[in-house]
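Remarks on the overall topology
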Amino acid sequence: MSAVLDPALQPLVERVATARNAGAQLDIRGGGTKAFYGETPQGEPLDVTGFAGISSYEPSELVVTARCGTRLAELEATLAECGQYLPFEPPHFGGAATVGGMVASGLSGPSRAAVGAVRDYVLGATLLNGRGEVLSFGGQVMKNVAGYDVSRLLAGSMGTLGVILEVSLKVLPQAAGSATLRFQMTQTSALKQLNAWAALPLPLNASAWWEDTLIVRLRGAMAAVEAAIVRLGGELIEAGHAVPFWDGMREHSDEFFVAARQAIDAGEQVRLWRLSVPQTTPPLTLSGEQLVEWGGAQRWLCTAAPPSQVRDVATRAGGHATLFHAPDKSPGVFAPLKAPLDRIHRELKRAFDPSRVFNPGRMYPDL
């Protein structure tokens, strides 16, 4: 990748070397739109927004390479000009969102269950590690094997392994057809219906249930979408209302998320949790407001229930719970790791950042 030879890297390399020699710690900063996510940032700010730009884009090959400080909006606008997009719909949470933050946070939008997550589209990456070394992994084609898993490993790493300098991503053509349907049903009925539909050859792309209303999005070939509309029934929502709704789900500007943040900001003793469970899991027996996405695999919960209870319910369902929004993060943001995974996390941190220069404690307090 081009990032290895770019002179613009020199200030970042020198800053990391200085921090390492001084025993200092660095807090990697991009647009800052996801600074709330994860444990509280520590260390001196390391601004990477200056290392920006789309390095290469081959529309015919469905591959784009961009530097970490590139605005996510800029990347998506460039892709849109060629009728292409990032299928996993990464949330921005603000206009300053960057490509590096997109990969580091590993967050995906409403279509994640149908098309895959951020990591599934990472072909290669260039990383500045804790030793001040610039390392390249993977490449720009799906069949590239050498180092491929290391590139994917960076997705969701929260900057704990190093600065994601540049990343190559697989992109896809925008779908020809799209439609959104609305149904009135309980959560139990919605979960059963979503799982029944999942077994059928339908172009289901996204779903959301809240307050006895199920919304589903169809996306794909026009003929397939039109056939699915007839087969599923429901109320067809016009695009002028459907597009803002899905944008609200992606950017958490929908009423559910806004109300949760307002309650937290007002000092109410509630937390916003993101629970990952098998999609066939029945409604969770927890108090508070629930919103269900990803065909039942992602459950958002705004509740005053004790963190131990939330995590226990998620674990017994075969999943885990992440503390997404809360003024008090003492319960721990991410679910505790079992011994084998804990060992892997620690060994990876030692391999890439032995002096704990980057984002210490951002995922787990002592890592």
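Above this text sits the structure in question.
Notes on the structure follow. (Residues numbered from 1 in each chain as written. Predicted model: local features only at pLDDT ≥ 70, side-chain atom pairs only at ≥ 80, totals over all residues. Heavy atoms only, no water.)

**What about the sheet that holds strand β3 (residues 54-58)?**
Across a sheet, strands are paired by hydrogen bonds formed along the backbone, either parallel or antiparallel in direction. Short version of the rule: In short, DSSP must find at least two bridges between two strands for them to pair. Numbering goes from the N terminus for both helices and strands, where a helix is a DSSP run of H or I of at least four residues and a strand is a run of E of at least two. Throughout, an axis means a line fitted to C-alpha atoms (over the contacting stretch in the case of helices), and angles, computed between N-to-C directions, take values from 0 to 180 degrees. In what follows, a contact means two residues having at least one pair of non-hydrogen atoms within 4.5 Å.
Pairing is antiparallel in the open sheet, where 5 strands are placed in the order β3-β4-β8-β6-β7. Lying at the two open borders of the sheet, with one neighbouring strand each, are β3 and β7 (134-138). Each strand of the sheet is rotated relative to its neighbour by a mean of 10°, with strand direction disregarded. In this structure, strand β6 (residues 122-128) lies alongside β7, joined through 5 bridges in antiparallel fashion. Residue Leu127 lies in a different strand from β7, and its bridge partner there is Leu135. Running at roughly 25° to β3, helix α2 (residues 72-81) makes contact with β3, β4 (63-67) and β8 (163-170) of the sheet.

**Description of the sheet that holds strand β11 (residues 204-210)**
Pairing in this open sheet of 8 strands is antiparallel, and the strands run β13-β10-β12-β11-β15-β16-β14-β17 from one edge to the other. The open sheet has two edge strands, β13 (235-237) and β17 (320-325), and neither has a second partner. The sheet shows a mean angle of 20° between the axes of neighbouring strands, direction not considered. Examined bridge by bridge, strand β14 (residues 271-276) and strand β16 (residues 298-303) share 6 bridges and lie antiparallel to one another. If you follow Leu275 over to β16, its bridge partner there is Arg299.

**Focus: a negative patch on the surface**
The condition that has to hold: Like-charged residues within 9 Å of one another, or nonpolar side chains (Val, Leu, Ile, Met, Phe, Trp, Tyr) within 5 Å, are grouped into patches, provided each residue has over 30% relative accessible area and no salt bridge. The method behind every accessible area is Shrake-Rupley, applied with a 1.4 Å probe, and residues are considered shielded solely by the protein chains displayed. The term salt bridge refers to a side-chain nitrogen of Lys or Arg lying within 4 Å of a carboxyl oxygen of Asp or Glu. Neither His nor the chain ends is counted toward charge; the positive residues are Lys and Arg and the negative residues Asp and Glu. Note that the charge is assigned to NZ on lysines, CZ on arginines, CG on aspartates and CD on glutamates. Here's how the labels work: a residue is buried when its accessible area is under 20% of the maximum for its type, exposed when over 50%, partly exposed in between, all with a 1.4 Å probe on protein chains only.
A cluster of like negative charges, contributed by Glu211, Asp212, Glu255 and Glu289, occupies part of the molecular surface. Structurally, the position occupied by Glu289 is in strand β15 (residues 289-293). Given the relative accessible area of 40%, Glu289 is considered partly exposed.

**What to know about helix α6 (residues 187-198)**
What counts here: Given a helix with a known number of residues, its expected span is that number minus one, times 1.5 Å. Summarising the geometry, the arc corresponds to the directions from the helix axis toward the C-beta atoms.
Between its terminal C-alpha atoms α6 stretches 16 Å, which fits the 16 Å expected from 12 residues at 1.5 Å a residue. All buried positions along α6 are accounted for by Gln187, Ala190, Leu191, Leu194 and Trp197. The buried residues of α6 occupy an angular sector of 130° when projected down its axis, which confines them to one face. Contact partners of the buried residues in α6: β10 (177-184), β11, β12 (213-220), α7 (222-232), β15 and β16.

**Some words on helix α9 (residues 255-265)**
Taken as a whole, α9 has its buried residues at Phe256, Phe257, Ala260, Ala263 and Ile264. Down the axis, α9 shows its buried residues gathered within 130° of arc, on one side only. Those residues of α9 that are exposed and aimed more than 90 degrees away from the buried face are Glu255, Gln262 and Asp265. In the stretch just after α9, Gly267 is the one whose phi turns positive, near 90°.

**Quick notes on the side chain of Asp353**
Topologically, Asp353 is positioned in the segment after α11 (339-352). Not counting the four nearest positions on each side in its chain, Asp353 is found in contact with Gly130, Thr160, Leu161, Leu348 and Phe358.

**A short note on the pattern of salt bridges**
Taken as a whole and assessed by the stated rule, the structure comprises 11 salt bridges. Across the pair Asp27 and Arg29 runs a salt bridge, and its minimum N-O distance is 2.5 Å. We classify Asp27 as buried; its relative accessible area is 2%. Glu235 is the salt-bridge partner of Arg182, the closest N and O atoms lying 2.8 Å from each other. Separated by 53 residues along the polypeptide, Arg182 in strand β10 and Glu235 in strand β13 bring together distant segments of the chain. Taking the relative accessible area as the measure of exposure, Arg182 reaches 28% and is therefore partly exposed. For Glu235, a relative accessible area of 40% corresponds to the partly exposed category. Through salt bridges that share partners, Glu76, Arg250 and Glu251 make up one connected network.

**Some points on unusual backbone geometry**
At Leu62, a position not held by glycine, the phi torsion is positive, near 60°. Counting through the fold element by element, Leu62 comes out in the loop between β3 and β4. Phi is positive for Asp212, close to 60°, though the residue is something other than glycine. Looking at the secondary structure, you find Asp212 in the loop between β11 and β12. By relative accessible area, Asp212 is classed as partly exposed at 40%.

**A short note on the environment of Leu135**
Relative to the helices and strands, Leu135 is located in strand β7. Remark: the alpha-carbon pair of Leu135 and Leu165, spanning 30 residues in sequence, is separated by 9.6 Å. Sequence-distant contacts of Leu135, defined by excluding residues within four places in its chain, comprise Ala125, Thr126, Leu127 and Asn129.

**Here we look at the packing of aromatic side chains**
This is how the line gets drawn: Each Phe, Tyr or Trp ring (for Trp, its six-membered ring) is paired with any other whose centre lies within 6.5 Å, and the angle between the two planes then decides the class: stacked below 30 degrees, edge-to-face above 60, tilted in between.
Overall, the coordinates contain 14 aromatic pairs when judged by the stated rule. Geometrically, the ring pair formed by Tyr37 and Phe324 is tilted, given 5.3 Å between the ring centres and 45° between the ring planes. Here Tyr37 is found in the loop between β1 (26-29) and β2 (44-47), whereas its partner Phe324 is found in strand β17, with 287 residues between them in sequence. When the centroid spacing of 5.7 Å and the interplanar angle of 75° are considered together, the rings of Trp210 and Phe256 count as edge-to-face.

Distances and angles like these do not, on their own, reveal function.
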